[in-house]
Structures are given as structure tokens and as C-alpha cells.
Amino acid sequence: QVQMVESGGDSVQAGGSLRLSCVASRNTPASMGWFRQAPGKEREGVATISTYGGSTYYANSVKGRFTISRDNANTLSLQMNSLKPEDTAMYYCAASLSYLGSRCRNMNEGDFPYWGQGTLVTVSS
């Protein structure tokens, strides 16, 4: 079992930056990722990282603006720059105790059994 707690969500203006954090406890995840769900839309993958210090993958919509990183084995971050109104969503941290490797590229929710409660990001124009 892994318990995930996100933080860092806030309201910002377009062009601004935010940094989301997620702390995992009880066990150390292998692969981790960030997903988001905008109002009225399905949840989608934002960025994933295969392991601590491993390969990273990004959705096309955030590539070049967002950076995923693991500050340590149990802490996941998402640096979000040049935010746009369409980035407004609930952001979720997700984790797997199994090493997913290149499967992280698919950003398949089903590969990540453990989820946080979400942190809200609102970007105004």
C-alpha cells in the first residue's frame, strides 16, 4: 500500500507558474505520475517518471512547459510554467510499486494503483 498526499494547487493568472508536490508514505513507489481532470472532461495523463532518476514522459499539451521530477524516492514534483487557462484542473499524483519502465509513456491510469486526493489548479486569463 502507498498513501499519497498532494499539495501546491492554487489560483494563478495565465503565464504564471506553480509547483505541485506529492509525498508518498508506507512504501516507496517505483513509477509515479501526474494526471489531471478538468471540469466535464475525462482524466488524462500529464507526465510520468519511470523511477527515481529515470526516464520522463509528457503529454504533448504540456511538453516544454511542465517538468516532472522526483526530489527523493518518496517525493514527486511537477513544475508548471507558462500556465494556460486550459491547464485548469484537479491534479492527481499516482504511483505504482511495480517498475513500469517504458510503459510510463502510455500514461495508462490502470498501471497506477495508488492515487492521491488531488490538488486544484485554476488558471485565469
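Higher on the page you've got the structure.
Cut-offs used in this document
Residues numbered from 1 in each chain as written. Predicted model: local features only at pLDDT ≥ 70, side-chain atom pairs only at ≥ 80, totals over all residues. Heavy atoms only, no water. Helix = DSSP H or I, 4+ residues; strand = E, 2+ residues; numbered from the N terminus. Contact = heavy atoms within 4.5 Å. Phe/Tyr/Trp six-rings, centres within 6.5 Å; stacked < 30°, edge-to-face > 60°. Buried < 20%, exposed > 50% of the residue type's maximum accessible area, 1.4 Å probe, protein only.

Draft legend 1. The arrangement of the environment of Cys22 in detail. When you line up the elements, Cys22 lands in strand β3 (residues 18–25). Put simply, Cys22 and Gly116 are 94 residues apart on the chain and 8.1 Å apart in space, counted from C-alpha to C-alpha. The contact partners of Cys22, leaving out residues within four places of it in the chain, are Met4, Val5, Glu6, Met32, Trp34, Asn74, Thr75, Leu76 and Cys93.

Draft legend 2. How the structure looks around the packing of aromatic side chains. One pass over the full model with this rule turns up two aromatic pairs. Measuring from ring centre to ring centre gives 5.6 Å for Phe35 and Phe112, while their planes differ by 70 degrees; the resulting arrangement is edge-to-face. Linking Phe35 in strand β4 (residues 31–37) with Phe112 in the loop between β9 (89–96) and β10 (114–115), this pair joins segments that are 77 residues apart in sequence. Phe35 sits in the buried class, given a relative accessible area of 0%. Relative to Trp115, the ring of Phe35 has its centre 4.9 Å away and its plane inclined at 55 degrees; by these criteria the two rings are tilted.

Limitation: the analysis is restricted to geometry and does not speak to function.
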